[in-house]
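Observations on chain architecture
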Protein chains: 2
Amino acid sequence: MLRGVLLDLGGVVYDGETVIPGSAEAVGRLRAYGLAVRFISNTTRSPRAALVRQLAAFGIVVAEHELVTPAGAARDWLLRNRRSPHLVVHPKLRPEFDGVSFEGAPAVVVGDAGDTFDYAMLNAAFRQLMEGAAFIALANNRMFKDRDGLPSMDAGAFVAALEFASGVKAEVIGKPAPAFFHAALAEMGCTAQEVSMVGDDAESDVAGALRAELGCALLVRTGKYRAGDETRFSPKPSAVVADLAEAVDHILSKVG
Amino acid sequence: MLRGVLLDLGGVVYDGETVIPGSAEAVGRLRAYGLAVRFISNTTRSPRAALVRQLAAFGIVVAEHELVTPAGAARDWLLRNRRSPHLVVHPKLRPEFDGVSFEGAPAVVVGDAGDTFDYAMLNAAFRQLMEGAAFIALANNRMFKDRDGLPSMDAGAFVAALEFASGVKAEVIGKPAPAFFHAALAEMGCTAQEVSMVGDDAESDVAGALRAELGCALLVRTGKYRAGDETRFSPKPSAVVADLAEAVDHILSKVG
């Protein structure tokens, strides 16, 4: 029995600054059907308030609590583990960690810092790891589709750099971590089997959701999708569809 | 029968801007004994002419051909494989690749770009790899001892970042690649078993030399050496000594 839907944002609802046609109407149809809808994104460049504004501009009205982001989950992790953050994140994301401060070794927190990544920033984090800091990765994605339409390196590459140099393995907070999907399910009040995922990343969104035992995971051929992605990772998508509008057709045909 | 000695530079002969005490005299003793001496370094921040000047300032006179560096080996690789370089290296190293130009997909060449590493530089290389460029790493070291005495991230971290994002594996040109040790042996006119290596990197210098079947490899407790390095990698060092002066005592006691 399907009760809720988790939607990725970048590459599913919008691409860069542009909404993917039909997305606002598709979200509206899910809600009209009475399904719980949450947005689960590995984006680490924008705080949730900025995402709420961006979605509103595309005609999609959401509350902050309906957005599940790695920054929120990382803040919870830091409070639970009593660690201060040593931030390697985009400047816009820094306020999400305001007021989290403890004695002792910090936790290095790596997100997609975009153009602000540089040697000094990474080396300072590397030295913290060598001195015993914990290490959490907001996300571990390889690449994303950039505003110019080409793939760009995502946070996972810089996580890999720090892991290689320090020998310390990062704990990944965002997708595909099962705990991240489970936090979204808890917020919706649904079990894993009652929820479908829609994403453009066959590895992180789709295989990740199925490993977290969600009932169904659809791969869209928008965003970073490349031909062959449907067979590149395991588990494979429940179905492959053109875009979010077609994903919603598929989901609603199943609930009948 | 020992006929030659290969010496690492950074952490063995000097640390940053400072010669390690006794190094110049130790090199002189090897030469006075009639042994062939070559310097095999993964440094990718300085062209060979600059290293020759730096060593001269420390009282060690060497000819350029006695310095075996990844840039020289990479230039040979590019000419042999008919690829233009897409350089991710320190600006000082760029002239080493002047005039190497071919049609077709280039080879991304990654060295220690130090403070000049930034997102735009890495992302441009990532995009070349996604378009089918070859990928060579001048070196794959995790870290080096920086001028402030603390460890800093070395080229290997940025190689790992590009490998993770692109899914393309780099071919390593410098130590511990057996071909790099063998190029040094060919230049000396010695067989592997006739040569001893002295280094401060238990993985790249010492285990690398032994995997390339050199007769002996000594680990010094200077430079990036940390307690426990002697048992951290396999094969283990032939012996562990305080510094280059003691390494030379050890080597000469064996031939004596």
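Owing to the predicted nature of the structure, the values given are computational and were not obtained by experimental measurement. (Residues numbered from 1 in each chain as written. Chains lettered and ligands numbered in written order. Predicted model: local features only at pLDDT ≥ 70, side-chain atom pairs only at ≥ 80, totals over all residues. Heavy atoms only, no water.)

1. A few points about the overall build of chain A
For chain A, the count of helices and strands is nine helices and 14 strands. Taking 18 Å as the expected radius of gyration for a compact globule of 256 residues, we find that chain A reaches 18 Å, a close match to that expectation. A principal-axis box enclosing the C-alpha atoms of chain A has dimensions of 55 × 35 × 35 Å. In chain A, which comprises 256 residues, the proportion classed as buried is 57%. When contacts within chain A are restricted to residue pairs at least 6 apart in sequence, those whose partners lie at least 24 apart make up 63%. Accessible surface, chain A: about 10,200 Å² in total, of which carbon and sulfur atoms supply 51%. Each charge class in chain A can be summarised by its mean position, and for the 26 positive and 31 negative side chains these summaries are 2 Å apart. (Helix = DSSP H or I, 4+ residues; strand = E, 2+ residues; numbered from the N terminus. Rg over C-alpha atoms; globule rule 2.2 N^0.38 Å. Buried < 20%, exposed > 50% of the residue type's maximum accessible area, 1.4 Å probe, protein only. Contact = heavy atoms within 4.5 Å. Areas by Shrake-Rupley, 256 points an atom, 1.4 Å probe, with all protein chains shown as cover. Lys, Arg positive; Asp, Glu negative; His and termini not counted. Charge placed at Lys NZ, Arg CZ, Asp CG, Glu CD.)

2. Remarks on the environment of V220 of chain A
All names here are of chain A. Among the structural elements, V220 can be located in strand β13 (residues 216–220). Taking the C-alpha atoms as reference, V220 lies 9.9 Å from V206; in sequence the two are 14 residues apart. Excluding its chain neighbours within four sequence positions, the residues that come into contact with V220 are G11, V12, V198, G199, D200, Y225, V241, A242, D243, L244 and A247.

3. Remarks on the relation of the copies chain B and chain A
Overlaying chain B with chain A gives an RMSD of 0.0 Å, the required rotation being 180° about an axis along which the chain moves by 0.0 Å. Overall, the copies show the geometry of a two-fold rotation axis. Interface residue correspondence from chain B to chain A reaches 100%, placing this contact among same-surface, isologous pairings. (Least-squares fit on C-alpha atoms with pLDDT ≥ 70 in both.)

4. What to know about the nonpolar core
Ranked by size, the top nonpolar core spans 50 residues in total, and within it M153 and L162 of chain A together with M153 and L162 of chain B carry the most contacts. Those residues in contact with L162 of chain B, other than ones at most four positions away along the chain, are M153 of chain A together with V110, L122, A125, F126, L129, F135 and G167 of chain B. Judged by nonpolar contacts, the second largest core, of 40 residues, contains V109, A177, F180 and A184 of chain A. (Core = buried A, V, L, I, M, F, W, Y, C linked by side-chain atoms within 4.5 Å.)

5. Some points on the domain arrangement of chain A
When the parts come together, some accessible area is lost, and that loss is often what is quoted as the size of the interface. Residues and elements named next belong to chain A. According to the domain assignment, chain A contains domain 1 (4–42 + 176–255) and domain 2 (73–172). Here domain 1 and domain 2 have C-alpha centroids that lie 25 Å from each other. Facing twelve residues of domain 1, the contacting portion of domain 2 comprises nine residues. Buried area between domain 1 and domain 2, both sides added, is near 810 Å², and the carbon and sulfur share of it is 49%. At the junction of domain 1 with domain 2, the criterion picks out two salt bridges. Among the ionic pairs, D15 bridges to K145, the shortest N-O distance being 3.6 Å. At the junction of domain 1 with domain 2, the criterion picks out four residue pairs in polar contact (both at pLDDT 80 or more). (Domains from an automatic or database assignment. Buried area = accessible area lost by both parts, 1.4 Å probe. Salt bridge = Lys/Arg side-chain N within 4 Å of Asp/Glu carboxyl O. Polar contact = N/O pair within 3.5 Å; in protein donor to acceptor, adjacent residues only side chain to side chain.)

6. Topic: the sheet that holds strand β6 (residues 85–88) of chain A
All names here are of chain A. Taken together, the four strands give an open sheet; going across it, the order is β6-β7-β8-β11, and neighbouring strands pair in parallel fashion. Of all the strands in the sheet, just β6 and β11 (171–172) have a single pairing partner and so form its edges. As paired strands, β6 and strand β7 (residues 107–110) are joined by four bridges and run parallel to one another. Residue V88 lies in a different strand from β7, and its bridge partner there is V110. Packed on one face of the sheet, helix α3 (residues 70–81) meets β6, β7, β8 (134–137) and β11 and runs near 160° to β8. (Pairing = 2+ DSSP bridges. Axes fitted to C-alpha atoms, helices over the stretch in contact; angles between N-to-C directions.)

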